[in-house]
Amino acid sequence: MPSTGVLLSGGLDSAVLLCEEASRARAVPIYVSVGLAWETAERALVRQFLDRVAPRFAVSPLVELSLDMRDVYAPTHWAVVGQPPAYHTPDEDVYLHGRNIVLLAKAGIYCATAGIEKLVLGTLDHNPFPDATPEFRRAMNLALTQGLAHELVIDAPYAKVSKTEVVRRGTALGLPLDLTLSCMNPVAIEGGARHCGLCSKCRERHDAFLEAGSNDPTDYADRRYVK
C-alpha cells in the first residue's frame, strides 16, 4: 500500500484529514516542532488522538521533526511567549511568517528520505495567508521535487472546504474531536491541555461546531464567549 505524508498539527483540520487520507492509503502523520508556545500541549493530544484512531485507520507511528524558528521570531513574539490575539480578532492577526514554507520543507525532506511521494496539509478555504495559495503550493512542489531529486506531490485536499464541513466530516467518522487542539494559549492539565476559550482559534473552532449543528466537546478553561 502506498503511503501519504500528512502534516499533523493536532488541530481539527489536520486530524480529520489524517483519517480521511488513511481510508485511501497508509497515512504517515508528521509533526514539525518550531518552538511555539502551544506545541507541548499539541504533542500530548496528538499522541492521545493517534492512540484512539489507530485501531480503525491505516496510520503509521508519529514522525516528530523539529526546525526551531525562535532565532527568527522575536523573543517577545506572541506565538513564542503564548499571548495570542484575542477572541474577536480577525484571522490575519495570527499570521506566522513562512510557517508553511518551514513545515513543507522539513516534511518534504523527510518524505524524500522515506520514499513517500505525496504530502498533504490541512489548509482551509478561508485561509488568507500568502503561503496557503495554489500558486505557493505549486512553487513548493516544484522546488522540493527538483531540489531533492524526488517526485513529490504536495496537495491541500481541504483548500475548498470550510472548518464547519471539517467538523461534519469528523463527526460522521466518529472521531474523538475532543482530543484535537485548536488553541494558541492552552492551559496545561495532567495528561493533556484545556482550550483557553479566549483566543481567536478557540472562536474559529467553537463557531464551526455551532454552524455544523454539532455538540462542541471541547473543554474550554474560560467559557465567557462559548455557548
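Refer to the structure printed above.
Everything numeric in this text was worked out from a predicted model, so none of it was measured.

Rules behind the numbers
Residues numbered from 1 in each chain as written. Predicted model: local features only at pLDDT ≥ 70, side-chain atom pairs only at ≥ 80, totals over all residues. Heavy atoms only, no water. Core = buried A, V, L, I, M, F, W, Y, C linked by side-chain atoms within 4.5 Å. Buried < 20%, exposed > 50% of the residue type's maximum accessible area, 1.4 Å probe, protein only. Contact = heavy atoms within 4.5 Å. Helix = DSSP H or I, 4+ residues; strand = E, 2+ residues; numbered from the N terminus. Expected span 1.5 Å × (residues − 1). Arc of directions from axis to C-beta. Polar contact = N/O pair within 3.5 Å; in protein donor to acceptor, adjacent residues only side chain to side chain. Phe/Tyr/Trp six-rings, centres within 6.5 Å; stacked < 30°, edge-to-face > 60°. Salt bridge = Lys/Arg side-chain N within 4 Å of Asp/Glu carboxyl O. Right-handed = clockwise from strand over helix to strand, strands pointing away. Pairing = 2+ DSSP bridges. Axes fitted to C-alpha atoms, helices over the stretch in contact; angles between N-to-C directions. Left-handed = near helix turned anticlockwise from the far one by under 90°. Nonpolar A, V, L, I, M, F, W, Y, C, P; charged D, E, K, R; others polar.

A. Focus on the nonpolar core. Ranked by internal contacts, the top residues of the largest apolar core, which has 72 residues, are Leu 7, Leu 18, Ile 30, Phe 49, Leu 104, Leu 119 and Leu 175. The contacts of Phe 49, once residues within four sequence positions are left out, are Ala 15, Leu 18, Cys 19, Leu 175, Pro 176, Leu 179 and Thr 180.

B. Summary view of helix 5 (residues 134-148). Between the first and last C-alpha of helix 5 there are 21 Å, a value that for 15 residues agrees with the 21 Å anticipated at 1.5 Å per step. Within helix 5 the residues assigned to the buried category are Phe 136, Arg 137, Met 140, Asn 141, Leu 144 and Thr 145. For helix 5, the angular spread of buried residues about the axis comes to 155 degrees, placing them on one side. Structural note: helix 5 exposes Arg 138, Gln 146 and Gly 147 on the side pointing more than 90 degrees away from its buried face. Where helix 5 is buried, its residues touch helix 4 (99-114) and strand 5 (153-155). Backbone geometry just after helix 5 places Ala 149 at a positive phi near 50 degrees.

C. Expanded view of the side chain of Ser 14. Residue placement: Ser 14 occurs in helix 1 (residues 12-22). At a separation of 3.4 Å, a polar atom in the side chain of Ser 14 contacts the main-chain amide nitrogen of Gly 10. Setting aside its immediate chain neighbours within four residues, Ser 14 contacts Val 6, Leu 7, Leu 8 and Ser 9.

D. View of the packing of aromatic side chains. Under the counting rule described, the total for this entry stands at 3 aromatic pairs. Their ring planes at 25 degrees and their centres at 6.0 Å tell us that Trp 38 and Trp 78 sit as a pair that is stacked. Taken together, the residues span a long stretch of sequence, with Trp 38 in the loop between strand 2 (26-33) and helix 2 (39-53) and Trp 78 in helix 3 (residues 78-81) at a distance of 40 residues. Across the pair, Trp 78 and Trp 38 agree in class, each one buried.

E. A look at the pattern of salt bridges. Enumeration according to the criterion identifies 14 salt bridges in this entry. The partner of Glu 135 in a salt bridge is Arg 138, with the nearest N and O atoms 3.7 Å apart. Of this pair, Glu 135 and Arg 138 both sit in helix 5, 3 residues apart, roughly one helical turn. A relative accessible area of 53% places Arg 138 in the exposed class. With its nearest N and O atoms 2.9 Å apart, the salt bridge here joins Asp 219 to Arg 194. Placement of Asp 219 in the segment after helix 7 (200-212) and of Arg 194 in strand 7 (residues 192-194) is noted, with a sequence separation of 25 residues between them. Note on Asp 219: relative accessible area 37%, which makes it partly exposed. With a relative accessible area of 26%, Arg 194 lands in the partly exposed category. Among the charged side chains, a salt-bridge network with shared partners connects Asp 13, Lys 163, Lys 201 and Glu 204.

F. Molecular detail of the pairing of strand 1 (residues 3-7). Counted residue by residue, strand 1 has 4 buried out of 5 residues, so it is predominantly covered. Handedness of the crossover joining strand 1 and strand 2 through helix 1 is recorded here as right-handed. In the sheet, strand 1 pairs with strand 4 (residues 118-120) via 2 bridges, with the strands oriented parallel. Paired with Val 6 across the bridge in strand 4 is Val 120.

G. Up close: the packing of helix 4 against helix 5. At a closest axis distance of 11 Å, the pairing of helix 4 and helix 5 adopts a crossing angle of 35 degrees. Seen from above, helix 4 lies across helix 5 with right-handed handedness. Of the residues in helix 5, those in contact with Asn 100, Ile 101, Leu 104, Ala 105, Gly 108, Ile 109 and Ala 112 of helix 4 are Phe 136, Met 140, Leu 144 and Leu 148. In the contact of helix 4 with helix 5, the residues fall into 9 nonpolar, 2 polar and no charged.

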